[in-house]
Amino acid sequence: MRTVALFGTPLRRQHSVVMHNAAFAAAGLDARYELREVDEAGLAAQVGQARLEGWMGFQITAPHKRFVMDLLDEIEPDARRIGAVNSVAAGPDGHLVGFNTDVLGFMAGLRACHPGDLAGRSVVVAGSGGVGHAAVYGLADAGVGRLTVADLDVAMPRGLAEEFAGFAEIEPMALADPQVAERLAEADVFVNATSVGMLTPGPVVDVALLAPAATVFDVVYIPAETELVRQARARGMRAANGDRMLVAQAATAWTRWTGLPDPTEVMSAAVAPLLARDDLAP
């Protein structure tokens, strides 16, 4: 049996396990996806095990997406620019290639509620962490116009702007900055790339500040309807949560490992009961 695992800590959700193993079963593959909770000190040993035992690959979540890059043989350009790896493909000789599915997943989720052209659009992103990096990368690559990134401390989006200098022009702000209200009023798209709404009460911004024609995308997928999404929909706005992003990320990695057709339908059906629970239980 071939192995794929997710490395991180803490690991409390079964969504990835359910999606990948359903896809393996549907394809008739003798493979399994499992969770391996590991701290930074133990990550190198786990990566070495994957290399020596001929795994199909593995995935990495917080807090290891940057640290793992030093343990791999090759990093694909997009992942290098984003500064994070969340998936690794293993060659038959144990050659480990790091890539990132966050951008593709983010764009798939966003396009579910904003199918139109993003070129020239005004976008505000709340959050400048790992998901914020992926969101900004995807949005800049799509040719958006003014791109404002806001976080609790302006130093965080300012650092992101410096990292992406030459690729994307980013306007960094603190969420408490009064000018954020102006940017929200002018935004065609608002993205919540923080955990607000899942780990802490939401919404992360006052939805009333957004134009009724704006699109709202919340990367949070638990609960199924965050307060941000609920309030946006109540105003008649186009809004979606991160469930499609979750599935797209998984399907992209699975296809890379197996070389088989896109398992999105199988994965979506498998994970639907977990998403429908609408709570924070594992």
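Each remark here, short or long, concerns the structure printed above.
What counts, and at which threshold
- Residues numbered from 1 in each chain as written.
- Predicted model: local features only at pLDDT ≥ 70, side-chain atom pairs only at ≥ 80, totals over all residues.
- Heavy atoms only, no water.
- Axes fitted to C-alpha atoms, helices over the stretch in contact; angles between N-to-C directions.
- Helix = DSSP H or I, 4+ residues; strand = E, 2+ residues; numbered from the N terminus.
- Parallel < 35°, antiparallel > 145°, perpendicular 65-115°, else oblique.
- Left-handed = near helix turned anticlockwise from the far one by under 90°.
- Contact = heavy atoms within 4.5 Å.
- Nonpolar A, V, L, I, M, F, W, Y, C, P; charged D, E, K, R; others polar.
- Core = buried A, V, L, I, M, F, W, Y, C linked by side-chain atoms within 4.5 Å.
- Buried < 20%, exposed > 50% of the residue type's maximum accessible area, 1.4 Å probe, protein only.
- 1 Å grid on protein atoms, 1.4 Å probe; cavity = no way out; pocket = protein on both sides within 12 Å on 5 of 7 lines; lining within 4 Å.
- Points joined across faces, edges and corners; volume = space filled by probe spheres on them.

### A word on the packing of helix α1 (residues 15-27) against helix α9 (residues 243-258)
Stage number 1. Between α1 and α9, the shortest axis-to-axis distance is 10 Å and the interhelical angle comes to 45 degrees. Classified by the angle between their axes, α1 and α9 sit oblique to one another. Relative to α9, the crossing made by α1 is right-handed. Along the contact surface, α1 presents H15, M19, H20, A23, F24 and A27, while α9 presents L246, V247, A250, W254, W257 and T258.
Stage number 2. Per-class residue counts for the contact of α1 with α9 are nine nonpolar, three polar and no charged.

### A word on the nonpolar core
Stage number 1. The biggest cluster of nonpolar side chains holds 31 residues, and the ones touching the most others in it are F106, L110, V125, L139, L147, I170 and F217.
Stage number 2. Of all the secondary-structure elements, those providing two or more residues to this core are α4 (102-113), β7 (123-126), α5 (130-141), β8 (147-151), α6 (155-163) and β10 (189-192).
Stage number 3. The leading source of residues in this core is α5, at six residues.
Stage number 4. Leave out the neighbours within four places in its chain, and L147 touches V123, V125, V136, L139, E169, I170 and E171.
Stage number 5. F24, M56, L246 and V247 belong to the second largest nonpolar core, which has 25 residues in total.

### Some details on the layout of surface pockets
Stage number 1. Its boundaries defined by the atoms lining it, the largest pocket holds a volume of some 1300 Å³.
Stage number 2. Around the largest pocket sit 39 residues that line it, and T61, A62, K65, M198 and Y221 are the ones nearest its centre.
Stage number 3. Of all the elements in the fold, those that place two or more residues in the lining of the largest pocket are α1, β2 (31-37), β3 (57-60), α5 and α9.
Stage number 4. A per-element tally of the lining of the largest pocket places α9 first, with four residues.
Stage number 5. For the lining of the largest pocket, a count of residues per class yields 18 nonpolar, 16 polar and five charged.

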